[in-house]
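# Per-entry structural report
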Amino acid sequence: MVLKVTKILAFQSLSGIYSAREFVWWYNGHPDYSSLKPDLKTSDSAVILGQGNVALDVARILLRPTTELASTDIATHALSALKESSIRKVYLIGRRGPVQAALTAKELREVLGIKNLHIRIKQTDLSVTPADEEEMKTSRARKRIYELLSKAAAAAKTSEADPDQRELHFVFFRQPDQFLESDERKGHVSGVNLQKTILESVGTGKQIAVGTGEFEDLNCSMVLKAIGYKSVPVNGLPFDHKKGVVPNVKGRVVSHTSGDISQTEPGLYVCGWLKRGPVGIIATNLYCAEETVGSISEDIEEGVWKSSKAGSKGLMQLLEKRKVKKVEFSGWEKIDAKEKQMGIERNKPREKLVTWEDLLAAAAN
């Protein structure tokens, strides 16, 4: 397994391979990635490694008609590039099966509702085992995802061909082995070599993907890696390297554990992916934040700790000492108003400012 991972990493320098994060920041107008130029013209196919919500969102941007995207807050440079895109087929690659796909129903329905989008899933991939049935019995969400995918695959069989039709392929039971280099364009990706997998049970209700030693190639001109994120340690904080989180109890940072008793650090809290790992959607972050804020409020009311820290004043002094440029909330409000006004002129929610210079100028105006 280590050798196979090494082969993938050896081809990371090929052009045409991007992280999903880079691509998302590109079409959302992040200043650090507004100049990214993803290869949307070389072929009609793109491969996305991963089957989570991020992968699904990237596929939605690649396949949704640009006439519809034009009324959203997508960055103008991204919309212009997508209008010229040759991508008509997107392949979502997952190591396991449809029952284990890490999607949420809301995001999946949104993609399945794209106009003139043909969903392709191999019928054999939709077959379920007793272990799959057991997983669906214990997870209503997984059962719903499976039902949505099965229904979409069945509907695709009866749909009429459309010359402008785009295709979303859910490719299950495959894992990437290595990226392929183009013979015609040296240094550019031309496809992905995939290894077929099967599922093996490892305890009650859990199955993992295991390689079979059978391989196949999938041609494409662009690869997007959406296989998840992992937090990194923060100096001075305890860290669970296996889970990629700061150990905590309802957001209270755990300094050490003795048996079943967890000792928390007074006045120290954590939130977001550093708290629970890279899972969930925006609403999940809201609930996560509410829980941590609730813990802070409880501790203040119960006198668990008394703040001796300098608070916001101390933070401002520290930023000034380190010569860190900052934008006050009032500056953000000016940016927000500027983008919304520009959006009104273009019949969209907002027109994003995509350079640091423009953002800082709007904040200072």
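Looking at an unreviewed UniProt entry, the chain carries the name NADPH:adrenodoxin oxidoreductase, mitochondrial, with the source organism given as Arabidopsis thaliana. UniProt lists a comment for the chain under the heading Sequence similarities (unreviewed entry), and it reads "Belongs to the ferredoxin--NADP reductase type 1 family." Quoted verbatim from the Subcellular location (unreviewed entry) field of the UniProt record, the comment on the chain reads "Mitochondrion".

It is worth spelling out the overall build of the chain at this point. If you tally the helices and strands in the chain, you get 13 helices and twelve strands. Taken along its principal axes, the extent of the C-alpha atoms in the chain is 65 × 60 × 40 Å. The 365 residues of the chain split such that 40% are buried. At a minimum sequence separation of 6, the contacts of the chain that also span at least 24 residues come to 68%. When the accessible surface of the chain is totalled, it reaches about 21,300 Å², and 53% of it is carbon and sulfur. When the 53 basic and 46 acidic side-chain charges of the chain are each reduced to a single mean position, those positions are 2 Å apart.

Predicted coordinates in areas of low pLDDT are best not read in detail. Of the residues in the chain, 94% have a pLDDT of 70 or more, and the chain-wide mean is 90. pLDDT under 50 marks residues 1-11. Its contacts with residues more than four places away, or in other chains, come to 14 contacts.

Moving on to the sheet that holds strand E1 (residues 17-19). Sheet architecture is open: six strands sit in the order E1-E9-E2-E3-E5-E4, paired in parallel fashion. Unpaired on one side and paired on the other, E1 and strand E4 (117-120) mark the two borders of the sheet. When strand polarity is set aside, the average angle formed by the axes of neighbouring strands in this sheet is 20°.

On the surface, Val327, Phe329, Trp332, Trp356 and Leu360 cluster together to form a nonpolar patch covering roughly 550 Å² of accessible area. Looking at where Leu360 falls in the secondary structure, it is placed in helix H13 (residues 356-364). With a relative accessible area of 44%, Leu360 lands in the partly exposed category.

Let's shift gears to the nonpolar core. The biggest cluster of nonpolar side chains holds 52 residues, and the ones touching the most others in it are Ile48, Leu62, Leu168 and Phe170. At seven residues, the largest contribution of residues to this core is made by helix H3 (residues 53-63). Discounting residues that sit within four places of it in the chain, Phe170 has contacts with Gln51, Leu56, Leu92, Leu103, Leu108, Ile119, Arg120, Ile121 and Leu149. Ranked by size, the runner-up nonpolar core spans 14 residues in total, among them Ile17, Tyr91, Cys220 and Val223.

A word on the sheet that holds strand E7 (residues 189-201). Ordered in space as E6-E7-E8, the three strands form an open sheet in which the pairing is antiparallel. The sheet is open, and its two edges are formed by strand E6 (174-181) and strand E8 (207-219), each paired on a single side. For this sheet, the mean inter-axis angle between neighbouring strands, taken without regard to orientation, is 20°. As defined by bridge partners, E6 adjoins E7 across seven bridges and the pair is classed as antiparallel. Within the sheet, the bridge partner assigned to Leu180 lies in E7 and is Gly191.

Bringing the packing of helix H2 (residues 20-28) against H3 into the picture now. Contact pair H2 / H3: the axes reach a minimum separation of 10 Å and the direction vectors enclose 45°. For the element pair H2 / H3, the angle class is oblique. Where H2 crosses over H3, the handedness of that crossing is left-handed. Residues Ala20, Phe23, Val24 and Tyr27 of H2 pack against Val54, Asp57, Val58, Ile61 and Leu62 of H3. Class assignment for the residues of the contact of H2 with H3 results in eight nonpolar, no polar and one charged.

Looking at the secondary structure, you find Arg174 in strand E6. At 2.7 Å, the side chain of Arg174 and the side chain of Glu216 are in polar contact. Discounting residues that sit within four places of it in the chain, Arg174 has contacts with Ile93, Gly94, Arg95, Lys122, Leu194, Gln195, Lys196, Thr197 and Glu216.

A positive phi is found at Lys250, a non-glycine position, where the angle reads about 55°. Among the structural elements, Lys250 can be located in the loop between strand E10 (248-249) and strand E11 (252-258). Its identity as a non-glycine residue notwithstanding, Asn347 has a phi of 60°, on the positive side. With respect to the helices and strands, the residue Asn347 is situated in the loop between helix H12 (329-345) and H13.

Thresholds applied
Numbering of residues begins from 1 in every chain and follows the order in which that chain's sequence is written. In keeping with the model being predicted, local features are shown solely for residues with a pLDDT of at least 70 and side-chain atom pairs are shown and tallied solely at 80 or more, while totals for entire chains, interfaces and linings include all residues. To obtain the side-chain values, all non-hydrogen atoms of the structure were used and water was disregarded. UniProt positions are given in the numbering used here, feature names are shortened, and annotations may be inferred rather than shown by experiment. For helices the rule is a DSSP run of H or I covering at least 4 residues; for strands it is a run of E covering at least 2, with both sets numbered from the N terminus onward. Relative accessibility under 20% of the residue-type maximum defines a buried residue, over 50% an exposed one, and the middle range a partly exposed one, all with a 1.4 Å probe and only protein chains included. Throughout, a contact is declared for two residues whenever any of their heavy atoms are within 4.5 Å. Surface accessibility in these figures is a Shrake-Rupley result with a 1.4 Å probe; residues are shielded only by whichever protein chains are displayed. Positive charges come from Lys and Arg alone, negative charges from Asp and Glu alone, with His and the N- and C-terminal ends not counted. Charged side chains are reduced to one point each, which is NZ for Lys, CZ for Arg, CG for Asp and CD for Glu. Confidence of the predictor in every single residue is expressed as pLDDT, which spans 0 to 100. Paired strands are those between which DSSP finds at least two bridges. Note on method: axes are straight lines fitted to C-alpha atoms, helices fitted across the in-contact stretch only, with angles between N-to-C directions ranging 0 to 180 degrees. The residues that make up patches have over 30% relative accessible area and no salt bridge, and they are joined within 9 Å when like-charged or within 5 Å when they are Val, Leu, Ile, Met, Phe, Trp or Tyr. Think of a salt bridge as a Lys or Arg side-chain nitrogen and an Asp or Glu carboxyl oxygen that are within 4 Å of each other. Nine residue types can take part in a nonpolar core, namely buried Ala, Val, Leu, Ile, Met, Phe, Trp, Tyr and Cys, and a core is a set of them joined through side-chain atoms within 4.5 Å. Orientation labels follow simple angle bins: below 35 degrees gives roughly parallel, above 145 gives roughly antiparallel, 65 to 115 gives roughly perpendicular, and whatever is left gives oblique. Left-handed describes a crossing whose near helix is turned anticlockwise from the far helix through less than a right angle; right-handed describes the clockwise counterpart. Basically, the charged four are Asp, Glu, Lys and Arg, the nonpolar ten are Ala, Val, Leu, Ile, Met, Phe, Trp, Tyr, Cys and Pro, and anything else, Gly included, counts as polar. The term polar contact refers here to a pair of N or O atoms within 3.5 Å; inside protein, the definition further demands a hydrogen-donor-capable atom paired with an acceptor-capable atom, and it admits residues adjacent in sequence only when both atoms are side-chain atoms.

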